[in-house]
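Listed below, chain by chain, are the residues.
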Amino acid sequence: ENNFGELPPAKLSGYVYQDAGNDGIRNNETGIAGVTIILSGTDDLGNPVFTTTTSGADGFYEFTNLRPGTYQVNETQPANFLDGIDTSPAGTVTNDQIAAITLAAGDNSTENNFGELPPAKLSGYVYQDAGNDGIRNNETGIAGVTIILSGTDDLGNPVFTTTTSGADGFYEFTNLRPGTYQVNETQPANFLDGKDTAGTPGGGTVTNDQIAAITLAAGDNSTENNFGELPPAKLSGYVYQDAGNDGIRNNETGIAGVTIILSGTDDLGNPVFTTTTSGADGFYEFTNLRPGTYQVNETQPANFLDGKDTAGTPGGGTVTNDQIAAITLAAGDNS
């Protein structure tokens, strides 16, 4: 019994992979190459162990020729990925570390895996919705609008950040974890509120200047979360002395201080009623109007007899005594 005992070496391996399901289960998901894995620990002879390797094209890494001992593997977090769920059949898992892996002679410890998450993105446009239909048809963007992102990620962490729309109205939030988010728009000056639309994927619930309940999975790119805005319309004209009595205003003298009444219904179904008075040159104007159908009524000025009234453009209108009705204004019209 002058014997020579030998030890079959142990092995320890696993994968670094994109955990698309964010569930810690490797379902033939895409591996991540070139990630540094550090093995450390103490073997059965009391010797410290320290060595590194990198994951291959399929995300696989392996340490071979190991003595019995207690080991741990640490991952260097790969660039362009967010930290996911790490798993081990035998070790103690903490962030980017699997520790207390006990190996006997000849053991092959597999599936010590590091799951990573491709980050999600959320984007959209703030734009002038000339058609007032909530459909972005290469319409003009609105720059410098503040967009607020808030929500809760898959780890239960609150999220709050802001950005501003670019020259083309585009905004984007990147490097997002899976979670449920909402975007809020700060209403831009000099525009009226238009139709907002939720993008895909992720869906969303649309209310005024807000798209909420956007659910993002790992790697999602939710686009076209858009905020449509309306350039306001205007309606103007003159009260004037029609010396030619022909209904054609040829730089004739204006009549000041005449009350003009605007009424009608806007595109949201709201009734509109407001008044103004003509200026020294007879000019009157109503600004900041939503799309809608309007009419203007003149209070007949004292010391003048009723003359010919005329409808302007665009918008047309039906002319009766001291009234121009059925003036249809679209977003941005200047009638």
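Refer to the structure printed above.
What you see is a predicted model, and the numbers here were worked out from it, not measured in a lab.

1. A few points about the sheet that holds strand 23 (residues 271-277)
Spatial strand order, 23-22-25-27-26: 5 strands in an open sheet with antiparallel pairing. Both edges of this open sheet fall to strand 23 and strand 26 (318-320), since each of them pairs with a single strand only. On average, adjacent strands in this sheet sit at an angle of 20 degrees to one another, irrespective of strand direction. Here strand 26 runs beside strand 27 (residues 323-329); their pairing, made up of 3 bridges, is antiparallel. Considered in strand 27, the bridge of T318 is made with A325.

2. Brief notes about the side chain of E252
Relative to the helices and strands, E252 is located in the loop between strand 21 (233-238) and strand 22 (259-266). One buried charge, E252, has no salt-bridge partner; the nearest side chain with opposite charge is R249, at 7.0 Å. A distance of 3.1 Å separates a polar atom in the side chain of E252 from the backbone nitrogen of A243. The residues touching E252, leaving out its near neighbours within four places in the chain, are Y240, Q241, D242, A243 and G244.

3. Observations regarding the pattern of salt bridges
What the rule picks out here adds up to 8 salt bridges. Taking the shortest distance from any N to any O, the salt bridge between K11 and E62 comes out at 3.9 Å. One end of the pair, K11, is in strand 1 (residues 10-18); the other, E62, is in strand 4 (residues 60-66), with 51 residues separating them in the sequence. For K11, a relative accessible area of 31% corresponds to the partly exposed category. Note that E224 and R136 form a salt bridge whose closest N and O atoms lie 2.8 Å from each other. One end of the pair, E224, is in the loop between strand 19 (221-222) and strand 20 (226-230); the other, R136, is in the loop between strand 11 (120-128) and strand 12 (146-153), with 88 residues separating them in the sequence. Judged by relative accessible area, which is 25%, R136 ranks as partly exposed.

Thresholds, definitions, all that
Residues numbered from 1 in each chain as written. Predicted model: local features only at pLDDT ≥ 70, side-chain atom pairs only at ≥ 80, totals over all residues. Heavy atoms only, no water. Pairing = 2+ DSSP bridges. Helix = DSSP H or I, 4+ residues; strand = E, 2+ residues; numbered from the N terminus. Axes fitted to C-alpha atoms, helices over the stretch in contact; angles between N-to-C directions. Buried < 20%, exposed > 50% of the residue type's maximum accessible area, 1.4 Å probe, protein only. Lys, Arg positive; Asp, Glu negative; His and termini not counted. Salt bridge = Lys/Arg side-chain N within 4 Å of Asp/Glu carboxyl O. Polar contact = N/O pair within 3.5 Å; in protein donor to acceptor, adjacent residues only side chain to side chain. Contact = heavy atoms within 4.5 Å.

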